[in-house]
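Understanding the architecture of this molecule
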Amino acid sequence: MSDVTVIRSGNGLMVPVAGLTLFAVASGYLMSLLPLALPHFQLSPTLAPYLASAFYAGMLLGALGSARLVGRLGHRHAFVFFLLVLLGSVLGLLALPLAPAWLGLRLLAGMASAGVYVVVESWLLLVDDDRQRARRLGLYMASLYGGSALGQLGIGQLGTQGALPFAAILTLLALAILPPMLVRRGAPAIAVHHTLPMGALRTISRPAVIGCLVSGLVLGPLYGLMPLYIHGQPALSDHTGQLMALVILGGMLVQPVTGYLSPRMSKTLLMAALCGVGTLAVAGMLLATTLAAEAACYLLLGACAFALYPVAITQACQGQESGSIVAITELMLLCYGIGSVTGPLVAGQMVPLKEGLPLYLGTALAATCIYMLILAARNAATAGVRLDPPSGE
């Protein structure tokens, strides 16, 4: 794993947040668009889980080398490069409507997206104060999820057929490139390039690693398969875009809450609570009899699912030197990528069941809740009665 040592020089927020927001709108729309647009391009709907896994496999590969490229190009130029690659992959989807080509292009898009996340996360996290990191990561997640939620509305406004949705996505990606191109100040200055091996995962908080892994296991199917699940429910099919927007909006709205709680309590216990409430939200989805109740459950599920990653990554960064932050975010993205590749494939095997996707999500969240509770109890017994052990666990 590659790492960089960074000298902070201003470390402004406007460029990464503005670029990320536009990227998130485009990416959120594209993720939900692709499984619904398959019939228009004469591609089988069974391709959907493989497209999701190809994208997250690309994220996994991208997480292996993104920090090295950031070290060579600097944050600003690397940001532009990754966005250009992503834009090119979307053009390729239009030009080559063939299953092998789409799988390869989604792999490439995943690699570019991993680069965007490593650039923006490390850009924002390169501060020494844990509470400031939590606030900045809350801003990052709010921008990411707010943009993604807004992108879901494109399904209803622009549809899922023809070239118009892709043209809108290309326009948004082109606009996302403008902030890092036009604003030349505020990026961290790269000073030294060195290595952080995979074995370093053993030194990072175990709940943080598991939290990032489970986040991928849950969010991969949420992005890749949930639109198909909602569309297949007769009572909900006309509300696919709105319900997907609520899922991601929940992730945005919960960020101030987790940003406040994360530095004040055990992060392991916080992740256990999030998984427990998420399990109840999945159960509510299956039992709800009105659209309002369904909407509330989707909102709550999104809040719990999308909050796992920022809590886990702040736990991983707690007590670490600033020079290790880029490589740690890369390692955490690698764990997330492993989960995101596996999740759609496993959930895809359960999709033929009527309630297969909720069953998968509920099982993953419930098992993680139990695991985190056991770890939290063990930490409390070892360290004594303490709300936030020194390790952040």
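What this report covers is the structure whose coordinates are included nearby. Every value quoted in this text rests on a predicted model; they were computed, and no experiment measured them. Each chain has its residues counted from 1, running along the sequence as written. The predicted nature of this model means local features are confined to residues of pLDDT at least 70 and side-chain atom pairs, given and counted, to a pLDDT of 80 or more, with totals for whole chains, interfaces and linings taken over all residues. For side-chain calculations, the full set of non-hydrogen atoms in the structure is used, while hydrogens and water are omitted.

To continue, consider the overall build of the chain. Only DSSP runs of H or I reaching four residues or more are called helices, and only runs of E reaching two or more are called strands; each is numbered from the N terminus. Check the secondary structure of the chain and you find 15 helices and two strands. By definition in these notes, contact holds between two residues if any of their heavy atoms fall within 4.5 Å. Of the contacts made within the chain by residues no fewer than 6 positions apart, 87% connect residues no fewer than 24 positions apart.

This paragraph deals with the environment of Ala112. Within the fold, Ala112 resides in helix α4 (residues 99-125). Between the C-alpha atoms of Ala112 and Ser89, which are 23 residues apart in sequence, the distance is 9.3 Å. If sequence neighbours within four positions are ignored, Ala112 has contacts with Phe82, Val85 and Leu86.

Along an α-helix, residues three or four apart share an orientation, since each turn contains 3.6 residues. The span expected for a helix works out to 1.5 Å for each residue beyond the first. Here helix α10 (residues 240-253) spans 20 Å end to end across 14 residues, near enough to the 20 Å set by a 1.5 Å rise per residue. All of the buried residues along α10 are Thr240, Gly241, Leu243, Met244, Ala245, Val247, Ile248, Gly250 and Gly251. Whether a residue is buried, partly exposed or exposed follows from its accessible area with a 1.4 Å probe, protein chains only, as a fraction of its type maximum: under 20%, in between, or over 50%, in that order.

Our next topic: helix α13 (residues 291-317). Relative to the 39 Å expected for 27 residues at 1.5 Å per residue, α13 spans 40 Å between its end C-alpha atoms, a close match to the ideal helical length. The seven residues ending at a residue and the seven starting there each receive a fitted axis; the angle between those axes is the bend at that residue. By the largest-angle criterion, Ala307 marks the main kink of α13, which is about 30 degrees, and a proline, Pro310, follows within four residues.

A fitted line through C-alpha atoms serves as each axis, taken over the contacting stretch for helices, and the angle formed by two N-to-C directions is quoted from 0 to 180°. Remark: helix α3 (residues 75-95) packs on α4, axes separated minimally by 9 Å, with the N-to-C direction vectors making an angle of 160 degrees. In terms of their interaxial angle, α3 and α4 are classed as roughly antiparallel. Crossing of α3 over α4 shows left-handed handedness. Class assignment for the residues of the contact of α3 with α4 results in 16 nonpolar, six polar and two charged. Any angle between 65 and 115 degrees counts as roughly perpendicular, while under 35 counts as roughly parallel, over 145 as roughly antiparallel, and the rest as oblique. Throughout, a crossing is termed right-handed when the near helix is turned clockwise from the far one, and left-handed when it is turned anticlockwise from it by less than a right angle. Under the scheme applied here, ten amino acids are nonpolar (Ala, Val, Leu, Ile, Met, Phe, Trp, Tyr, Cys and Pro), four are charged (Asp, Glu, Lys and Arg), and all others, including Gly, are polar.

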